[in-house]
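# Structure at a glance
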Amino acid sequence: MIAKEMEAIRAMFPSFYVEPTEKIAHKAGDKVAYLTFDDGPSELTPQVLKILADNDVKATFFVVGRSDAQSKKWMKEIVDQGHTIGMHTYTHNYRKIYASPTAFFTDLSELNDLITEATGVKPQIVRFAGGSVNSYNKGIARPVADELTRRGYTYYDWNVSAGDAEKGATAQSIYQNTVNEAVQFEKAVVLFHDSSTKHDTVKELPKIIGTLKKNGYRFDKLDPSVKPIIFKLPAQ
């Protein structure tokens, strides 16, 4: 059933392709932190961008489908300030997007069109809502991931979570989670959120950046040449 659907999907969304990019493995000894922000843009995005600029840090924003004029401006600012913009699904509605592979690609291609129109840049990277493997998408995770890869896209999970979307998260827990987990890895891909309620994330961001710098980390943005950290896909 899924195999038949995937075959049909191959003929759909003819413009939803990018050129595949060769991946560069991480060099041992290079301590690098990739700060990533999901769920934006929001009214907090300008504050996040200012903190990043003040600290000379480039980051990655996985945005959702906000099509109002202000949100499109924020998307453009992300790109104009030298950060990477990626796709995080249009609706972020787990039940809807993971109902079937067709539903997923319909949603994501709509977001691709929005970002391209708002920024003039065609996004090349993806973060699945909830990560590449979650309780909603287990049945379709592998075929969808394979089809994304076939179309030239690179998807990224994370190995460090600020926990800022968890119930009961505090400014202190966001700081401690990020720093305690990041220092365990030379290549730290850090999950933050950029939705309008994440004031504590914004508040702690300068301190987190400062602490990681003191621990010898440099900062970079994700691009398709960065070998991704991904969760283990279920067997087919």
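The text that follows walks through the structure, step by step, so that each part is easy to find. (Residues numbered from 1 in each chain as written. Predicted model: local features only at pLDDT ≥ 70, side-chain atom pairs only at ≥ 80, totals over all residues. Heavy atoms only, no water.)

## Details of the pattern of salt bridges
Per the counting criterion, the structure on display carries 10 salt bridges. Note that Arg218 is salt-bridged to Asp30, the shortest N-O span being 2.8 Å. You can see Arg218 sitting in strand β8 (residues 218-219) and its partner Asp30 sitting in the loop between α1 (2-10) and β1 (32-40), a full 188 residues away along the chain. Overall, the relative accessible area of 22% leaves Asp30 in the partly exposed class. A single salt-bridge network, built from bridges that share partners, covers Arg10, Glu147, Arg150 and Arg151. (Salt bridge = Lys/Arg side-chain N within 4 Å of Asp/Glu carboxyl O. Helix = DSSP H or I, 4+ residues; strand = E, 2+ residues; numbered from the N terminus. Buried < 20%, exposed > 50% of the residue type's maximum accessible area, 1.4 Å probe, protein only.)

## What about the packing of aromatic side chains?
What describes a pair of aromatic rings is the distance from one ring centre to the other and the angle between the planes of the rings. A full pass over the atoms with the stated rule returns 11 aromatic pairs. Relative to Tyr98, the ring of Tyr94 lies with its centre 6.1 Å away and its plane at 80°, an arrangement referred to as edge-to-face. Under the relative-accessibility criterion, Tyr94 is labelled partly exposed at 23%. Three or more aromatic residues joined by ring pairs form one cluster here, namely Phe16, Tyr94, Tyr98, Phe104, Phe105, Phe128, Tyr136, Tyr153 and Tyr155. Sitting over the ring of Phe105, Arg151 keeps its end group 5.7 Å from the ring centre. Geometry around Tyr175 places Lys207 over its ring, the cationic atom sitting 4.2 Å from the centre. (Phe/Tyr/Trp six-rings, centres within 6.5 Å; stacked < 30°, edge-to-face > 60°. Lys NZ or Arg CZ within 6 Å of the ring centre and 35° of its normal.)

## Observations concerning the environment of Pro101
Here Pro101 shows up in helix α5 (residues 101-119). Remark: the alpha-carbon pair of Pro101 and Pro143, spanning 42 residues in sequence, is separated by 7.9 Å.

## Digging into the pairing of strand β7 (residues 187-193)
Burial within β7 is extensive, with seven of its seven residues counted as buried. As paired strands, β1 and β7 are joined by seven bridges and run parallel to one another. In the strand pairing of β7, Val32 is matched with Lys187. With two bridges joining them, strand β6 (residues 160-161) and β7 adopt parallel strand pairing. Paired with Ser161 across the bridge in β7 is Leu191. Taken together, β6, helix α7 (residues 171-182) and β7 constitute a β-α-β crossover, and its handedness is right-handed. (Pairing = 2+ DSSP bridges. Right-handed = clockwise from strand over helix to strand, strands pointing away.)

## Overview of unusual backbone geometry
Looking along the chain, the bond that leaves Gly40 and enters Pro41 is cis, with omega of 0°. Assignment of secondary structure puts Pro41 in the loop between β1 and α2 (45-54). At Asp56, a position not held by glycine, the phi torsion is positive, near 55°. If you trace the backbone, Asp56 turns up in the loop between α2 and β2 (60-63). The class for Asp56 is exposed, based on a relative accessible area of 71%. Not every positive phi belongs to a glycine, and Thr89 is a case in point at roughly 75°.

As far as function goes, none of this settles anything; it's purely spatial.
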